[in-house]
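The residues making up each chain are set out below.
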Amino acid sequence: MNGPALTPDAARYLCELADPAAPRPPTGPDAFFSPAELAELCAYHAMETVAWRKLNDTAETMDRYATLGETAHAATILTLLLEGHAQKIRRAFDDAGLEWTFVKGAAFASELYAEMADRPYTDLDILVPKSAMAQARDVLKAAGYRHIERQRPDKDGVYEEEKWMPVGEQNILIELHTDLVHQPALRKRVSFNYDAFKAASGHSERSPIGHLMTAIVHGALGHKFHQLKLAVDILQAMRAIDENDVDAALGAARQLKVRFELAASARLVQSLFPTARHNEVIYQFANAVKTPAIINRSTVVNAHLRDHLPSRIRRHAFRWYQRTMVFS
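Each value, and the rule that gives it
Residues numbered from 1 in each chain as written. Predicted model: local features only at pLDDT ≥ 70, side-chain atom pairs only at ≥ 80, totals over all residues. Heavy atoms only, no water. 1 Å grid on protein atoms, 1.4 Å probe; cavity = no way out; pocket = protein on both sides within 12 Å on 5 of 7 lines; lining within 4 Å. Points joined across faces, edges and corners; volume = space filled by probe spheres on them. Helix = DSSP H or I, 4+ residues; strand = E, 2+ residues; numbered from the N terminus. Nonpolar A, V, L, I, M, F, W, Y, C, P; charged D, E, K, R; others polar. Phe/Tyr/Trp six-rings, centres within 6.5 Å; stacked < 30°, edge-to-face > 60°. Buried < 20%, exposed > 50% of the residue type's maximum accessible area, 1.4 Å probe, protein only. Core = buried A, V, L, I, M, F, W, Y, C linked by side-chain atoms within 4.5 Å. Contact = heavy atoms within 4.5 Å. Polar contact = N/O pair within 3.5 Å; in protein donor to acceptor, adjacent residues only side chain to side chain. Salt bridge = Lys/Arg side-chain N within 4 Å of Asp/Glu carboxyl O.

Trainee: What is the right way to look at empty space enclosed by the protein in this model?
Mentor: Over the atoms, a rolling probe the size of a water molecule traces out where space has been left empty. Evaluated as defined, the whole model comprises 1 cavity of 30 Å³ or more. Taken as a whole, the largest cavity holds about 90 Å³ of empty space. Around the largest cavity sit 13 residues that line it, and Ala-18, Ala-46, Asp-118, Lys-229 and Val-232 are the ones nearest its centre. It is helix α12 (residues 228-239) that provides the largest number of residues to the lining of the largest cavity, a total of 4 residues. Within the lining of the largest cavity, the residues separate by chemical class into 8 nonpolar, 1 polar and 4 charged.

Rendered as structure tokens:
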């Protein structure tokens, strides 16, 4: 996408619209965006369903933002299709006695969001122990899925990730992981494999700490916060953590060597979402360690602009900092 950077007021509006717990902003989006611009921004930041929920309160707005409604409906349909495959895979893996878990989108939607529709997802992410990878492949094949070969097949091993699709379908993607930290340079410091996830979760299927560590790895170590969705996942996970569990979360971050990412992520969500600024849990995470303010609101909300050099430079500086510094 190209165009001018968002004004501070427009950026603030977009963040309020993306926050599932925030009310609809009192000002209408027409003050900042055309209907087409709003739909494109919401699709890029993967926030179309929550934005549509907040804006489709009258026939007039439903008609005016029909394009946004169409993208929200398409995202919801894909999520429902994926949920059908999730149930099929769940049965197959459980029947085979595999150790495994869904992570990221499907897990976040069901565990962290009051309205699951607020968190659509575009693929299914499965985390398995490396020792179970061969069996997981066999189970997926028997269930009717096929391995998608990369142009460079060696990348499967480098990234510890394989891509699968149902036989005869092109729009359903399943990603099979043995470590959610895909870049080898970062994996020298941080590994987030199945055992690490289970330890962070306290071996509970419904631990928000495990989901928080996953969201931090996904947003801060995977994608450098190029979408608001990544920050919203962290916000929702932090909201789900009780004050009595803060020490356990800090301990998990220390064990995983992601205290820097935890604090940087907490400070970022404070800058993005007004509702996060008075949350005591988020405050404690933000002050766990000192972090440079490399990524800010403008960095995230303008990441869709190919020509916005400040966003690109800051996100690459964030990655350089992660690669070259040593954190405890």
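Trainee: How should the packing of aromatic side chains be read in this particular structure?
Mentor: Taken as a whole, this structure holds 9 aromatic pairs when the rule is applied. Summarising the aromatic geometry, the rings of Tyr-13 and Phe-33 are spaced 6.3 Å apart at their centres and angled 55° between planes, so their arrangement reads as tilted. Of this pair, Tyr-13 sits in helix α1 (residues 8-18) while Phe-33 sits in the loop between α1 and α2 (35-44), and the two are 20 residues apart along the sequence. For the residue pair Tyr-13 and Phe-33, the accessibility class agrees, reading buried in each case.

Trainee: Looking at this model, I keep getting lost on the nonpolar core. Mind explaining?
Mentor: The tendency in soluble globular proteins is for nonpolar side chains to be buried side by side. With 79 residues, the main nonpolar core has Leu-212, Met-213, Leu-228, Phe-273 and Phe-285 as its most contacted residues. With residues up to four places along the chain from it excluded, the contact list for Phe-273 reads Cys-15, Asp-19, Leu-228, Ala-231, Val-232 and Leu-235. Counting residues in hydrophobic clusters, the runner-up holds 24 residues, among them Ala-86, Trp-100, Leu-124 and Leu-140.

Trainee: Please clarify how the side chain of Asn-302 should be interpreted in this entry.
Mentor: Relative to the elements of secondary structure, Asn-302 occurs in the loop between α16 (297-301) and α17 (309-324). Judged by relative accessible area, Asn-302 falls into the buried class, the value being 1%. A polar contact of 2.9 Å, which involves the side chain of Asn-302, links it to the backbone nitrogen of Leu-6.

Trainee: For this particular structure, what's the right way to read the pattern of salt bridges?
Mentor: Opposite charge on two side chains permits pairing when their charged atoms draw close. Within the structure shown, the criterion is met by 14 salt bridges. The residue Asp-19 makes a salt bridge to Arg-239 at a minimum N-O spacing of 2.9 Å. Residue Asp-19 is located in the loop between α1 and α2, and its partner Arg-239 is located in helix α12; the two are separated by 220 residues in the primary sequence. Among the residues examined, Asp-19 registers a relative accessible area of 1% and is labelled buried. The partner of Glu-161 in a salt bridge is Lys-163, with the nearest N and O atoms 3.7 Å apart. By relative accessible area, which is 7% here, Glu-161 ends up buried. Taking the relative accessible area as the measure of exposure, Lys-163 reaches 24% and is therefore partly exposed.

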